[in-house]
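So the chains spell out like this:
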Amino acid sequence: PGRRRLSLAPTLGWRDVALLDMLRSRLPRLGGHWLMDNEAKAAAFGELYFRAEPGPAPGSLLYVSAGSGIGSGLVENGTPLRVIRGVHGLAGEVGHTVLQPGGLYCHCGNRGCAETLVSGWSIRAALGIDEHLTLEQAVTDHPDQDRVAVTLKHAGDALGMMLLNLHHTLNPAEIIIGGSLTRLGPALLEPALALFEQQQNRLLPEASRIVPRILDDSRLVAARGAAAEVLSWVLSELPVTAAHDRR
């Protein structure tokens, strides 16, 4: 946190990349505020900052990004909003928490990570889908639909287990699930939501229930979140009266 470098992107195989400096050298005429952030953290920030849901804003919001990989971002409400990052910036790397000890190898080098059970790349591997094909369409067109159903059920169970772990470790007031995997529909999402619903209150039966909100189309959520972070940053640098006049 606070560094101008991309420390780690396991799916891309990038480590310690000075990404902002690389971009600045190629876009020398582009001024203004520059920001680099994890897409799930940016999405979480934007979902709380630009919140359009009725009722009071939650005290905390967790965004789970289910796409090629799996990540999450947690934001606490307040002035300003606070993104939970951790001492090494690893907070929210839920895709690399271990759900199956001794399981398949992950891109990060560990075995049994959540991503080996529920992610775009693990579903592709399980179903033999080429990386150049659109996952949603390839799943629909797959010749063995029984195999598809079993694969998505297993992935959904893993997603539900991951949501339960996040509920018990971070205990956010609201959970949002976005990313390209949501377009795989009920075959993936229903097992996940059912497991979470059945088990979330066993530890504390009297607690209010958390119902995850699913985003059907989240393609611009991270970009909007990054814009929200820049806007919040710029407004925080203005004099109080000037910032008030611009609201």
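Residues numbered from 1 in each chain as written. Predicted model: local features only at pLDDT ≥ 70, side-chain atom pairs only at ≥ 80, totals over all residues. Heavy atoms only, no water.

Student: Before we move on, could you go through unusual backbone geometry and cite the residues and values that matter?
Tutor: That bond from Thr 79 to Pro 80 is cis: its omega, 0°, falls within 30 degrees of zero. Mapped onto the elements, Pro 80 comes out in the loop between strand E4 (70–76) and strand E5 (82–83). Its identity is not glycine, yet Asp 16 carries a phi of approximately 50°, on the positive side. The partly exposed category is assigned to Asp 16, whose relative accessible area is 41%. Although it is not a glycine, Asn 171 adopts a positive phi angle of roughly 50°. Inspection of the secondary structure assignment puts Asn 171 in the loop between helix H5 (145–169) and strand E6 (174–178). (Helix = DSSP H or I, 4+ residues; strand = E, 2+ residues; numbered from the N terminus. Buried < 20%, exposed > 50% of the residue type's maximum accessible area, 1.4 Å probe, protein only.)

Student: Summarise H5; cite the residues concerned and give the values.
Tutor: Each α-helix winds once per 3.6 residues, and so residues spaced three or four apart point in a common direction. Given a rise of 1.5 Å per residue, 25 residues ought to cover 36 Å, and the 36 Å separating the end C-alpha atoms of H5 matches this to within 8%. Downstream of H5 by one or two residues, Asn 171 has phi in the positive range, about 50°. (Expected span 1.5 Å × (residues − 1).)

Student: An account of the pattern of salt bridges is needed here, citing residue identities and associated values.
Tutor: The final tally for this structure, using the stated rule, is 13 salt bridges. Two residues, Glu 174 and Arg 51, come together in a salt bridge whose shortest N-O distance is 3.0 Å. Here Arg 51 lies in the loop between helix H2 (39–49) and strand E3 (60–66) and Glu 174 lies in strand E6, a separation of 123 residues in the sequence. Exposure remark for Glu 174: the relative accessible area of 13% places this residue in the buried category. Where Arg 213 meets Glu 53, a salt bridge forms, and the shortest distance between an N and an O atom there is 3.6 Å. Placement of the pair is Arg 213 in strand E7 (residues 213–214) and Glu 53 in the loop between H2 and E3, with a sequence separation of 160 residues. (Salt bridge = Lys/Arg side-chain N within 4 Å of Asp/Glu carboxyl O.)

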